[in-house]
Every structure is written in C-alpha cells, then in structure tokens.
Amino acid sequence: MSPPVKLIGTFGSPFVHRAEAALRLKGVPYEFIQEDIENKSELLLKHNPIHKKVPVLLHGDQTICESLIIAEYIDETFEGPPLLPSDPYDRATARFWAHFMDQKCGKPLWLSLWTEGELQKGFLKETKENLALLEAQLGGNRFFGGDSAGYLDIALSSLAHWLGVLEEATGVSLMGDECPALRRWAGEYTSNEAVKPCLPSREHLLGYFTANKDKLKLKAMAMLQQ
Amino acid sequence: MEAARGGGEGAELRLLGTWSSPWVIRVKVALGLKGLSYEYVEEVLASKSDLLLKSNPVHKKVPVLIHGGRAVCESVVILQYVDEVWAGASGTPILPSDPYDRATARFWATYVNDTVATWHEMIQCLRVTCLQFFPSWRALFRSTTDEQRTEAFKNVVPVVDTLERALRECSKGKAFFGGDAVGLVDVALGSHLVWISVVDEVVGVRLLDKARFPALAAWAERFLAVDAVKEVMPDVRKVMEQYKGFLAKWIASAGPS
C-alpha cells in the first residue's frame, strides 16, 4: 500500500494548482493541507526550508518542492495516464515551453497588468509576443499534451484560468482576438472533469484582485526595482 | 553512411555554442559522459548564425543541440534529453532512476540556475558600473571591487552555504552530488567553476573557500579531474583574457578617462 500523499498549499495559487492538477490528472488520492501564507506553519518551514513556499508535496516521509518538479515526480511515481509524452524530443519540447512560461513569460505578463503608461506598453508588447508563440505551439491541438491534458497544460494553466480573471479585474486585454486557439484551449482546460475541482473559484479570485489593486500595483513597481 | 532523420541514437549531432559559456560546457560534459561524438559550431554572439536563429528563435541563445535535424534548447532540458535518448550508453546515467532522487536532482539544478545568475550579475555589475562611472581602469576597479564585493558576497555566501549542505545530503558521503559518478547537479554547478575562478581573481576573494566550504572545495577538485570535464573545460587564463578584453573594450567605449 503506497504511503499517504499530502499537498501543502494555499487558495488561489496557480503554482499550487499545478501540483493539484497533476495529482488529479494522474488519479492520485491526496489530502490538502491549507497553509496561511501570511503566517507560515512549522510544517511548511520544516519541509521547504530553502524557499519557504507552496506547493509542497509530502509522500510518506519524502518532501518534494517546486510545482513543475512535483508534476514530474507524480508522473514518474504513480500509475495513471502519462503527464509527459513518451518520446524524448516531445518531452524536451514540453519542458522547454514550461520553462519559457516561468522564466520569460510570467514576469512581463504580470507587469503588463499592474503597471501604467509607457512601461505598461512595453510589457504588453512583450506579453502579446510571448502569447503568440504559445498560440503557434498549440496549433490545432485540443491540449498542449495532444488529445488529453498533460504536463505542459498544467504548466500553462494560469493562462487558462487566472488570466481571464486578471483581464477582468484590471481591464487589460492580453489574450484577445489574436489568440483563438489559446482561448479555446482555456475553455477545454477549465472544463476538464479532472482539473475543474481544483480550480479556485473565479468569483473569489476576481474579488481578491479587485480588492487588492493598489497593493498589487505597488508590488509591481517594487518588482521592477529588483 | 546516411544519418537517420529524427531522434535515433545514430542520428547526427551538432552543438551550437560559445567556448567560454558555462551553459555550453554543461552540454559538452554531458555528451562526453555519454561518449558521444558531435560537430561543434562556435557561434559569434555579436553576429548570430542563421542556423542559431532558426534553431532557437525564441531565445536566440546557446547552447542548442541539434539532433537529427531537430533542435533542443535550454541546457537543463538538453541534459535530460541526452540522458533519455542515450539511456543505455556508456557511463552512468546523468539522472538517477528513483523518482524521489530525480526530483531532488532537479530541485538543486533549478536552484543552481536561479542563484548562479547572482554570480554572473556580479560580473555584469562590474561591467555596467564600468560604463557609468569611469575615471581610470584601476581606480574604478578598486572602488567597484570594494562596494561590489561586499554586496555580492552578502548575496552569494548563503547560497554557497546551502550548496555545501546540499552536497553533503545528496552525496551521502560519496564523491559527487550524483553519488559515485557525476550527475545532473554536478554538471549544472561544476560547469561554472571556471567563471567562479575568474570572478575570484577579479574581485580578490575565494568563493569556494576550503576552510568555510570544505565539501564543495574538495568536490570542485574532483569534478575538474573527471575526464569528460577535463576534455572540455576552457583554460582559466583564456577566460580571464576574454573577460579582461571585454572590460577594456567597455572602458574604451565609455570615453577618455
């Protein structure tokens, strides 16, 4: 009998979602441990002393951190539909684009939502170029993983769910008419039976972003100074 | 003999790189560990080849591994690709077989990637400051060294401390992060050792100080002695010359002192 699986996470985090989506797509039962990010628990600090962040996967007495690493761990450890393709070149492609999302796409996207004027224009342009690349990568496929959702869909899931909410909260349009394939994919992903239950409520997210607009704008400016 | 198209083990291998880039060295080491022969293409970053631009249109960076005509980009992605295609090849695997150990290796390789940027930032800071404030090369260099040294050290020492502990945990008393043989984390971190030496000399410090970080200092010597590493590691003096050349150019372009 496999040791119990627990996931430490918070509400609303797209990184926590990645880990949950991986567990659900793979069909792995788990216990969700809600963390208060403003007041980090002993459990979290003990299991992720380096980054002190969520998600953290606990499998028996083993700890795995970093959402994408967790996704690969889940794929390699448990029986269930494969999250990564079997061909090494396709795997490399999936890893490349997941890395692209985190290293190149994420920050300018966030900044394009919360900055203003000339600065914002620059980030908007960059973000639209990045999204166009992803649009091209998706092509006519139902999911980035092909016929079913997989590792890269999980990695890009913030674009499927969070992006729409952020566009509404800020009035900034990122995934407009230029991204029909991405928009269709977003619908496919968010209505996927396995994934749906671990998507945070749209209303809650919208409420949060709307209520914290000023704070998030200040944080964005601080991010720029780094 | 016709090279197979697509990713078969026998298909043609080409590596696009620049000779002193640690990220390119990573791939060279991995290919060496697997005993693979490949064509190496030296890129001039100031005028990138059509092949590079076509193979890595997203980032336009090296390293790029072209296998049977298909491009693989991003050093850690390439390392895993090489490990998976040539799983049966000579030498031990670059990634361990146990999923938990693989996750641990990936975690530390990611950590190295995220923090190594700090070391290079130190070099960048020196470069940018050169352009901004220049009187004479020496005076600037000295003052920059002092400010930058404290700042850079503040950021870097905790990182090296963490890696010292990581080495002890991952190696479990053996020679490398990967155990008895070199693995993903060894390659990811070890490929930066030449640049670490250059920065040591430029700033006048010793990052992997034997007294402070004994495990890492000993590991660095062992890593540099591995055949696959020795064969591809550029000469520290050549890298130093290249770096001094860059600095001199920037100083010159900053105007008369």
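As recorded in an unreviewed UniProt entry, chain B goes by glutathione transferase and comes from Eragrostis curvula. Recorded under Catalytic activity (unreviewed entry), the UniProt text for chain B is reproduced unchanged: "RX + glutathione = an S-substituted glutathione + a halide anion + H(+)". Recorded under Sequence similarities (unreviewed entry), the UniProt text for chain B is reproduced unchanged: "Belongs to the GST superfamily. Tau family."

By the naming in an unreviewed UniProt entry, chain A goes by Glutathione S-transferase and is assigned to Eragrostis curvula. On record in UniProt, under Sequence similarities (unreviewed entry), the comment for chain A is "Belongs to the GST superfamily."

### A closer look at the layout of surface pockets
Counted as a void, the second largest pocket has a volume near 920 Å³. Those elements giving two or more residues to the lining of the second largest pocket turn out to be helix 2 (42-47) and strand 4 (62-65) of chain A together with helix 4 (99-132), helix 5 (137-171) and helix 6 (184-190) of chain B. Ranked by residues supplied to the lining of the second largest pocket, first place goes to helix 4 of chain B with seven residues. Class assignment for the residues of the lining of the second largest pocket results in 21 nonpolar, ten polar and seven charged.

### What about the environment of B:Thr18?
All names here are of chain B. Residue position: threonine 18 is located in the loop between strand 1 (13-17) and helix 1 (22-33). It is 25 Å that separates the C-alpha atoms of threonine 18 and leucine 95, two residues lying 77 residues apart in sequence. Setting aside chain neighbours within four positions, we find threonine 18 in contact with Val24, Tyr40, Glu42, Glu43, Leu45 and Val62.

### Thoughts on the environment of B:Val203
Tracing the sequence through the fold places B:Val203 in helix 7 (residues 193-203). Taking C-alpha positions, B:Val203 is 15 Å from B:Val239, a pair spaced 36 residues apart along the chain.

### Comments concerning the UniProt feature "domain: GST C-terminal" (unreviewed entry) in chain A
As recorded in UniProt, the sites labelled "domain: GST C-terminal" (unreviewed entry) are residues 87-209 of chain A. Across residues 87-209 of chain A one finds 71% helix and 0% strand; the C-alpha atoms that close the span lie 40 Å apart.

### Quick notes on the pairing of strand 2 (residues 39-42) of chain B
Here strand 1 of chain B runs beside strand 2 of chain B; their pairing, made up of four bridges, is parallel. Residue B:Leu15 lies in a different strand from strand 2 of chain B, and its bridge partner there is B:Tyr40.

### Examining the UniProt feature "domain: GST N-terminal" (unreviewed entry) in chain A
Summarizing the sequence annotation, UniProt attributes the feature "domain: GST N-terminal" (unreviewed entry) to residues 3-82 of chain A in the numbering used throughout. For residues 3-82 of chain A, the helix share is 38%, the strand share is 21%, and the end-to-end C-alpha distance is 21 Å.

### Focus: helix 1 (residues 14-26) of chain A
The end-to-end C-alpha distance of helix 1 of chain A is 18 Å, a good match for the 18 Å that 13 residues give at a rise of 1.5 Å each. Directly after helix 1 of chain A, the chain includes A:Gly27, whose backbone phi takes a positive value near 80°.

### Some words on the interface of chain A and chain B
Taken together, the contact between chain A and chain B spans 25 residues of the former and 24 residues of the latter. Interface area, chain A with chain B, both sides summed: about 2,200 Å², of which 66% is carbon and sulfur. Summed over the three residues of chain A that lose the most area to chain B, namely A:Ile69, A:Tyr89 and A:Phe96, the buried surface amounts to 28% of that side. The tally of links between chain A and chain B comes to five salt bridges.

The rules we used
- Residues numbered from 1 in each chain as written.
- Chains lettered and ligands numbered in written order.
- Predicted model: local features only at pLDDT ≥ 70, side-chain atom pairs only at ≥ 80, totals over all residues.
- Heavy atoms only, no water.
- UniProt positions renumbered as here; feature names shortened; annotations may be inferred.
- 1 Å grid on protein atoms, 1.4 Å probe; cavity = no way out; pocket = protein on both sides within 12 Å on 5 of 7 lines; lining within 4 Å.
- Points joined across faces, edges and corners; volume = space filled by probe spheres on them.
- Helix = DSSP H or I, 4+ residues; strand = E, 2+ residues; numbered from the N terminus.
- Nonpolar A, V, L, I, M, F, W, Y, C, P; charged D, E, K, R; others polar.
- Contact = heavy atoms within 4.5 Å.
- Pairing = 2+ DSSP bridges.
- Expected span 1.5 Å × (residues − 1).
- Buried area = accessible area lost by both parts, 1.4 Å probe.
- Salt bridge = Lys/Arg side-chain N within 4 Å of Asp/Glu carboxyl O.

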